[in-house]
Amino acid sequence: MQNLILLEDETILREELAEFLADIGHRVDAVASLAEFERVHDPVRHRIAIIDLGLPDGDGMDLIRTLRRQGQRVGIIVLTARGAVRDKVAGLEDGADHYLSKTADLDELAATVSALSRRLDDAEPDECWVLEPGPRRLLPPGFEAIPLSQQDLTVLQALMIHPGTIVSRQEIVTALGENFLDYDQRRLDTQMRRLRRKVEDATGLVLPVNTARNAGYLFYAEADIRN
Ligand code: CA
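Description of the structure in this document. Since this is a predicted model, take the numbers as computed values, not measurements. (Residues numbered from 1 in each chain as written. Predicted model: local features only at pLDDT ≥ 70, side-chain atom pairs only at ≥ 80, totals over all residues. Heavy atoms only, no water.)

## Digging into the coordination of the calcium ion
Looking at the calcium ion, the protein donor atoms are Asp9 (OD), Asp52 (OD) and Gly54 (O), and they sit 2.2 to 2.3 Å from it. We note that the donor set of the calcium ion lies within a single chain, spaced as D-x42-D-x1-G. One end of the pair, Asp9, is in the loop between strand E1 (3-7) and helix H1 (11-23); the other, Gly54, is in strand E4 (residues 54-55), with 45 residues separating them in the sequence. The partly exposed category is assigned to Gly54, whose relative accessible area is 37%. (Donors = N, O, S within 2.8 Å, 3.2 Å for Na, K, Ca; no water. Helix = DSSP H or I, 4+ residues; strand = E, 2+ residues; numbered from the N terminus. Buried < 20%, exposed > 50% of the residue type's maximum accessible area, 1.4 Å probe, protein only.)

## So, H1
Here H1 is 13 residues long and its end C-alpha atoms lie 18 Å apart, about the 18 Å a rise of 1.5 Å per residue gives. Within the sequence span of H1, burial applies to Leu13, Arg14, Leu17, Ala18, Phe20 and Leu21. For H1, the buried positions fall inside an angular range of 165° around the axis, keeping them on one side. Projecting away from the buried face of H1 at angles above 90 degrees are the exposed residues Ile12, Glu19 and Asp23. Once H1 finishes, Gly25 follows within two positions and takes phi at roughly 105°, a positive value. (Expected span 1.5 Å × (residues − 1). Arc of directions from axis to C-beta.)

## Comments concerning helix H6 (residues 150-160)
Most of H6 sits out of view: eight of its 11 residues are buried. Every buried residue belonging to H6 is among Asp152, Leu153, Thr154, Val155, Leu156, Ala158, Leu159 and Met160, and all of these are buried.

Here's what the structure looks like:
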């Protein structure tokens, strides 16, 4: 069983695919536009995204590029009527894992989903962000270690202990040894901006942290803390 998100704007096809994938045991969230994808997509839960390219509010390929730029480890299957070889090559270069023609039969889709699931399972250790508090460094997947300040370390530790969970601003501020009521909230935003920039400058990857407005922050990738 996989948690899938399916982005396809043609209603009949979307319903047919969602129903088929559910029938073979997957959990499917089906959406019809880029905007809806953004609202529903859960980077922690959805392991595979099946994405149509021609969409009412944009190009699925832009979404794929964004997901990859963010360093998201979601498996991506492109589903499209554009069958040309040129499109196929471009799709794979931009970060799609598989490319399926809309005329492919459902068994081929099922086989592709299970092949991709196996590959994601094998690849898992490499996709993990590792924090090493002792030497005070962050190891982004596939890149050299990034040295951290004590404050960077404290913030990341608070987030990476609970990946996929919103950690409140108060929790982070308290971990920094500050009194939440006296604390200027903008300092935390600045701290987070600096940390994001540091990671992006070193790797080109987006630090996998979402801002939950007025609530806190969430580390959405797989994380490990090694003491
Ligand atoms: Ca379409």
